[in-house]
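# Chains, contacts and geometry: an overview
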Amino acid sequence: MKELYQQNVVLNVDQAIVDKFDTNKQKVIFQIIDEAANNSRKHAHASLIQINLLPMPQTPEIGLLEVIDNGVGFDLKAVSGSYETSGSLGMITIRERAELINGRNKIESIPGKGTCVQVAIPLTGRATDFLHGGVHIL
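So, here's what we can say about the structure.

What counts and what doesn't
Residues numbered from 1 in each chain as written. Predicted model: local features only at pLDDT ≥ 70, side-chain atom pairs only at ≥ 80, totals over all residues. Heavy atoms only, no water. Helix = DSSP H or I, 4+ residues; strand = E, 2+ residues; numbered from the N terminus. Core = buried A, V, L, I, M, F, W, Y, C linked by side-chain atoms within 4.5 Å. Buried < 20%, exposed > 50% of the residue type's maximum accessible area, 1.4 Å probe, protein only. Contact = heavy atoms within 4.5 Å. Pairing = 2+ DSSP bridges. Axes fitted to C-alpha atoms, helices over the stretch in contact; angles between N-to-C directions. Salt bridge = Lys/Arg side-chain N within 4 Å of Asp/Glu carboxyl O.

### Structural notes on the environment of Ala16
One can find Ala16 in helix H2 (residues 15-20). When the C-alpha atoms of Ala16 and Pro55 are compared, they prove to be 9.3 Å apart, with 39 residues separating the residues in sequence.

### Looking at the nonpolar core
Core analysis: the largest hydrophobic core is formed by 23 residues, its most contacted members being Phe21, Ile29, Ile32, Leu53, Leu65, Val67 and Ile121. For this core, the secondary-structure elements that each account for two or more residues are H2, helix H3 (23-44), strand S2 (48-56), strand S3 (59-69), helix H6 (90-100) and strand S5 (114-122). It is H3 that contributes the most residues to this core, five residues altogether. Apart from the residues within four sequence positions on either side, Val67 is in contact with Ile33, Ala36, Ala37, Ile49, Gln50, Ile51, Thr115, Cys116 and Val117. In this structure, Ile62, Leu64, Ala120 and Leu131 belong to the second largest nonpolar core, which totals six residues.

### Topic: unusual backbone geometry
For His45, which is not a glycine, the phi torsion comes out positive at approximately 55 degrees. Inspection of the secondary structure assignment puts His45 in the loop between H3 and S2. When its relative accessible area of 60% is taken as the criterion, His45 is described as exposed. Despite not being glycine, Asn102 shows a phi value in the positive range, around 60 degrees. Along the chain, Asn102 turns up in the loop between H6 and strand S4 (104-110).

### Brief notes about the sheet that holds strand S1 (residues 8-13)
Across a sheet, paired strands are connected by hydrogen bonds in the backbone, their directions being either parallel or antiparallel. In spatial order, the strands read S1-S2-S3-S5-S4; together these five strands make up an open sheet with mixed pairing. At either margin of the open sheet sits one strand with a lone partner, and together these are S1 and S4. The mean angle between the axes of side-by-side strands here comes to 10 degrees, regardless of whether they run parallel or antiparallel. Note: S2 against S3, eight bridges, orientation antiparallel. Following the sheet pairing, Leu53 is matched in S3 by Leu65. In the packing of H3 onto the sheet, the strands contacted are S2, S3 and S5, and the crossing angle to S3 comes to about 25 degrees. Across the sheet, H6 lies against S4 and S5, angled at about 155 degrees from S4, the strand it touches most.

### Points about the pattern of salt bridges
Two side chains of opposite charge can pair, provided their charged atoms sit close to one another. Summed over all chains, the structure comprises two salt bridges. Linking Glu61 and Arg126 is a salt bridge whose minimum nitrogen-to-oxygen distance equals 3.5 Å. Of this pair, Glu61 sits in strand S3 while Arg126 sits in helix H7 (residues 125-131); the two residues are 65 residues apart in sequence, bridging distant segments of the chain.

These figures come from the coordinates and say nothing about function on their own.
Next comes the structure, spelled out in structure tokens:
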């Protein structure tokens, strides 16, 4: 991306977490990263995209995927509804893919300040129950 689009991408990945995911889950995680990074490239005009996949500090049984950019940001409410109301599939696709891997996602964006896409990904059955038990960790 540096060569083609003049965008710096910084990766911070804990290989031990990646090793805990089967290939199907790894594929879905890659698709989430790809969607978020492409949104940063195409829409946010970000000069820096940071991708983190690390254990969640307070709950190491959960992996935390973050795609953070320093782009133009956007009005989250305008693109958070259905395709019919937002005209965009990107945020819907990220949410649906997070659900495929029993994850929960959160997107924060402020016009002029950039965007942060987070996906909490359970590494164990207990973590899945925790994530879906009404606890808000993101």
